[in-house]
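# Per-entry structural report
One-letter residues, chain by chain:
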Amino acid sequence: MQKSMLYPRETNCRRVVSLDGMWKFQLDFSSSGRTQGWECGLPNPDLIPVPASFQDFYTEKDIREFTGDVWYETEFFLPGEWEGKEAALRFGCATHRAEVYINGKKAAVHEGGFTPFLVPLNDLAVFSSFNRVVVIVNNELSNTSLPCGETKLLSNGKKISKPYFDFFNYSGLQRSVKLILLPKEAITDFSVDYRLQGEDAFVTYHTITNGVHPVMVKVYDEAGVLVAEANGNDGVLTIPKVRLWEVRNAYLYRFVLKILDQDKILDEYYEDIGVRTIEIKGTKFLINGKPVYLKGFGKHEDSDIIGRGFSAGVMKRDFECMKWIHANSFRTSHYPYSEEIYQMADREGFLIIDEVAAVGMFESLMNFMEASTGKHTAFFQKETTPELLQNHKEAIRELIERDKNHASVIAWSLLNEPETTDESAVAYFKEIFQYAKELDPQKRPCTFALIMNSLPNTCKCYQFSDFICLNRYYGWYLKGGYEISEAEENLRKELDEWKAKNLNIPFIFSEYGADTNPAEHKLPSVMWSQEYQIEFLTMCNNVFDCYDFIQGEQVWNFADFQTTEGIMRMNGNKKGIFTRQRQPKDAAYYLRERWASLEDDKKVKLE
Ligand code: CKU
C-alpha cells in the first residue's frame, strides 16, 4: 500500500469506519511493556476516550505529568466483503510518536505528533474477524523532536518533560482513528494550482495513482452543476465565469476524481476546493489580486478536560467567536491543527498561516524571557542538528502534502521563534525554506515568527521570509505597566529600523498580547487587569496604524491555554482575548469594534 495523506472519504470505492470511542489505556511507569509483551494485550488497562489528550482526565499528578510510553488498545472488525481490497488504519495524529501493532505484530512507526499516517492491514489483520490494535505513544521531548525540549530524570526516578515552548506537552491519540478501505488501484495524491484570466479560472491539476489507468476529473459548483472536466492524470481544467473563494465569503467547488477502466470505476475520491490566488506584491498580500489586511489570532488546540484533543464543538465555538469579533485569519501556532479545522476555514473564508511544529528551537525553558535579554545563544550547531533538520524537513513535507489544497492556507510558517542571531542558523534556514518552496504546487509565501531578540540588526535569517512575522511584547515582557510609554517608543524605534531597511515586503504582528485575569478589574489599570489588556492593545494598534508595511495583526492569543506550571504562569497562559471556556474578556469588545471598522483592505484605503 502506498503512503497517502488524502483525507478519508466514503465514495463508490472507499469506506470509512470510525474507531473513536473508549479505548483500553495503560501508562508504562516502569518501562516494562515492551519486554512483557503488552503488544499482545494490555495487562491492566483503564478505559479512556479517543480522540483526547490523556492528561486532564485523572486526579493523580503522576498521570498528568507522565513522560514516556502510554499504551492504547482496541479491537476492530475487518469486514469480509473488503477482502481483495486495501484496508488500513488511519491515525489523525499520535503525539509525539507511535508504534502500532496489529494482532501482536509491528505494523508501523511514525515520528511527529501532528500529522496523519496510515497503517496497512492486509498482511497482519484477518478479514471477517475481530483484530487487535495496540499503539505505543511516546511523548518525550528532545533536541531532535518537533517541538523541541528536554526529558529529565528526577531523583525519585520519575521522568519530567521540560518543553522549550510555552504550551502544555499534551499527548496521546488526540485526533480520530479510522478504519479505511481503499481500492487496489487508487488515487494517492492530488493537487491544484490556479490562474485567473478575465472571468475564467484555469486550474492545473496533478494526480498520483498506484496503477496504470488514467484519472478523470469533474468539477461541480455548489448547486451540483458540472462546470468543468478533463481526462488524464495531469491537466488543465477551465472553469468559465468562475466564482472565486473570497475572504469571509467562501465558495467551494467539488472536484470529483475517478479512475475508470472502460465503464468500471476503480477508484473515486473528492475534495471541496476554493479557487483563489494568493500573492505578495510589494508590502501587500493580494487574494485574487485584491489587498487584504490580516485580523485575527495566534491560536492553540486547547480546551478543558480533553486538552489538545479534537472536538467539533470547540471548533465550532471558536469559529463563531472569530466571526463575532470580525477576525479574518489565524495562525496554527505552534503545530499543524486537525484537518477538520482547515475544512471549516475553507467553508468560512478564513485565512490560515499554517505552522509546522518547529517550536522551541531556542535553548531555554522560558525562551521568550531569555530572548528579551538580548543574550547571545546558538541553537543550530549541535551534534544533533542534522537529525533535527531531517525531522523538520519530514514534518514540512507531511504538512504541505496534507494541506496544499486548502484555499484557506495562504502561507507556511516554517519555524516559530527560532534562534537567529548566530551565523549557524543561516545554513539551516536556507535548506528549510528551499525545501518548502519546492514542495508546494501553489508556491505560497513562506515565513517564520521572529522572537524578540531577532531584531533588524541582529537577525541573520529574515531575508528568507516572503513576509515578516513579528512576535513582540513591548508593554508586557518589556516595559510593562506605567512604563508603557517607553514600550511604545521602543516599538516605534524597532519599526523605524525595519522601515529603514526598505524591504518592500509585508510585515504582520504574529504575536502581541498581555496576560489578563478575567476576574481582575482595576481603575487605574495594573498589569494583569482587564483594563491593562485594552490599554496594551490600544497602544500597539495605534502604532501599527502608522506604518503602511504592517499588513496584519494577530493577537496572542485567541483564548487562555494550558502551559507547564511555573512562576510565570497562573495555571496557564492568560493572554486570551477569550477565556479558556471561550467567553469574552473586556478586550474582546474593544477588538470587535476596531476590527469591524477595519475593512479587509483597510491599509490601502489609508493611502
Ligand atoms: C508567548 C517571543 C515571544 C514568544 N511567544 C511564544 C508563545 O508560545 C508564548 O505563549 C510568547 C507568551 O509568552 O505568551
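All of the points below concern the structure found in this document. (Residues numbered from 1 in each chain as written. Predicted model: local features only at pLDDT ≥ 70, side-chain atom pairs only at ≥ 80, totals over all residues. Heavy atoms only, no water.)

### Things to note about the overall build of the protein
The following threshold applies: Helix and strand assignments come from DSSP, with helices taken as H or I runs of at least 4 residues and strands as E runs of at least 2, each series counted from the N terminus. Only C-alpha atoms enter the radius of gyration, while the globule expectation follows 2.2 Å times N to the 0.38, with N the number of residues. With a 1.4 Å probe rolled over the protein chains alone, any residue whose accessible area is under 20% of its type maximum counts as buried; one over 50% counts as exposed, and the rest are partly exposed. Surface accessibility in these figures is a Shrake-Rupley result with a 1.4 Å probe; residues are shielded only by whichever protein chains are displayed. Here the positive residues are Lys and Arg and the negative ones are Asp and Glu; neither His nor the chain ends is included. One atom stands in for each charge, and that atom is NZ of Lys, CZ of Arg, CG of Asp or CD of Glu.
In terms of regular secondary structure, the protein is built from ten helices and 30 strands. Relative to a compact globule of 607 residues, whose C-alpha radius of gyration would be 25 Å, the protein shows 24 Å and is just as compact. Within the span of the protein, comprising 607 residues, buried residues form 61% of the whole. Summed over all atoms, the accessible surface of the protein reaches about 23,200 Å², with 50% contributed by carbon and sulfur. Within the protein, one finds 70 positive and 88 negative side-chain charges whose respective centroids are separated by 1 Å.

### Thoughts on the sheet that holds strand β20 (residues 278-281)
Two strands in a sheet stick together by hydrogen bonds in their backbones, pointing the same way (parallel) or opposite ways (antiparallel). What counts, and what does not: Any two strands with at least two DSSP bridges between them are considered paired.
What the three strands build is an open sheet, ordered β20-β21-β22; its pairing is antiparallel. The sheet is open, and its two borders are formed by β20 and β22 (290-291), each paired with just one other strand. Across four bridges, β20 lies against strand β21 (residues 284-287) in antiparallel orientation. For Glu 279, the partnering residue across the bridge sits in β21 and is Leu 286.

### What to know about the packing of aromatic side chains
Which entries qualify depends on this criterion: Only Phe, Tyr and Trp rings take part, Trp by its six-membered ring, and two of them pair if their centres are within 6.5 Å. Stacked means planes under 30 degrees apart, edge-to-face means over 60, and tilted covers everything else. Charges are assigned to positions over rings by a cutoff of 6 Å between ring centre and Lys NZ or Arg CZ, combined with an angular limit of 35 degrees from the ring normal.
Tallying each qualifying case throughout the model produces 43 aromatic pairs. Among the aromatic side chains, those forming a connected cluster through ring pairs are Phe 379, Phe 380, Tyr 428, Phe 429, Phe 433, Phe 448 and Phe 464. In this structure, Lys 299 is placed above the aromatic ring of Phe 330, and the distance from its NZ or CZ to the ring centre is 6.0 Å. Over the face of the ring belonging to Tyr 435 we find Lys 393, whose NZ or CZ atom lies 5.1 Å from the ring centre.

### Considering the site of the ligand
Cut-off, in case you're wondering: What makes a residue near a molecule or strand is one non-hydrogen atom of that residue sitting within 4 Å of it. We call two N or O atoms a polar contact when they sit within 3.5 Å, provided that within protein one can donate a hydrogen and the other can accept it, with sequence-adjacent residues counted only if both atoms are side-chain atoms. When residues are grouped by polarity, Ala, Val, Leu, Ile, Met, Phe, Trp, Tyr, Cys and Pro land in nonpolar, Asp, Glu, Lys and Arg in charged, and all others, Gly among them, in polar.
Within the structure, the ligand sits among 14 residues, and Asp 166, Glu 417, Tyr 477, Glu 511 and Lys 575 are positioned closest to it. In this structure, an oxygen atom belonging to the ligand sits 2.5 Å away from a side-chain N or O atom of Lys 575. Class assignment of the residues belonging to the shell around the ligand gives a composition of seven nonpolar, two polar and five charged.

### Focus on the environment of Gly 289
On the secondary structure map, Gly 289 appears in the loop between β21 and β22. For the pair Gly 289 and Glu 279, spaced ten residues apart in the sequence, the C-alpha separation amounts to 7.6 Å.

### Digging into the packing of helix α2 (residues 312-324) against helix α3 (residues 339-348)
This is how the line gets drawn: Angular values range over 0 to 180 degrees, each being the angle between N-to-C directions of two axes fitted as lines to C-alpha atoms, with helices fitted over their stretch in contact. Rotating anticlockwise by less than a right angle from the far helix to the near helix defines a left-handed crossing, while the corresponding clockwise rotation defines a right-handed one. When checking whether two residues touch, look at their non-hydrogen atoms; a contact exists if any pair is within 4.5 Å.
Contact geometry of α2 with α3 gives a least axis separation of 11 Å together with a crossing angle of 35°. α3 is crossed by α2, and the crossing has right-handed handedness. Between α2, through Met 315, Lys 316, Phe 319, Glu 320 and Lys 323, and α3, the contact on the second element is made entirely by Glu 340, Ile 341, Met 344, Ala 345 and Glu 348. Looking at the contact of α2 with α3 residue by residue, the classes come out as five nonpolar, no polar and five charged.

### Regarding the layout of surface pockets
Empty space left among the atoms is revealed by rolling a probe the size of a water molecule over them. For clarity, the threshold we go by: The definitions used throughout rest on a 1 Å grid laid over the protein atoms alone, on which a cavity is an enclosed set of points accommodating a 1.4 Å probe that cannot get out and a pocket is an open set flanked by protein within 12 Å on both sides along at least five of seven lines; lining residues are those having an atom within 4 Å of a point. Grid points are joined across faces, edges and corners, and a volume is the space filled by probe spheres set on the points.
Taken as a whole, the largest pocket spans an internal volume of roughly 630 Å³. Lining the largest pocket are 31 residues, and of these Glu 65, Thr 67, Lys 159, Ile 160 and Ser 161 lie nearest its centre. Mapped by element, the contributors of at least two residues to the lining of the largest pocket are α1 (61-64) and β11 (159-163). It is β11 that provides the largest number of residues to the lining of the largest pocket, a total of five residues.

Read these as geometric descriptors, not functional statements.
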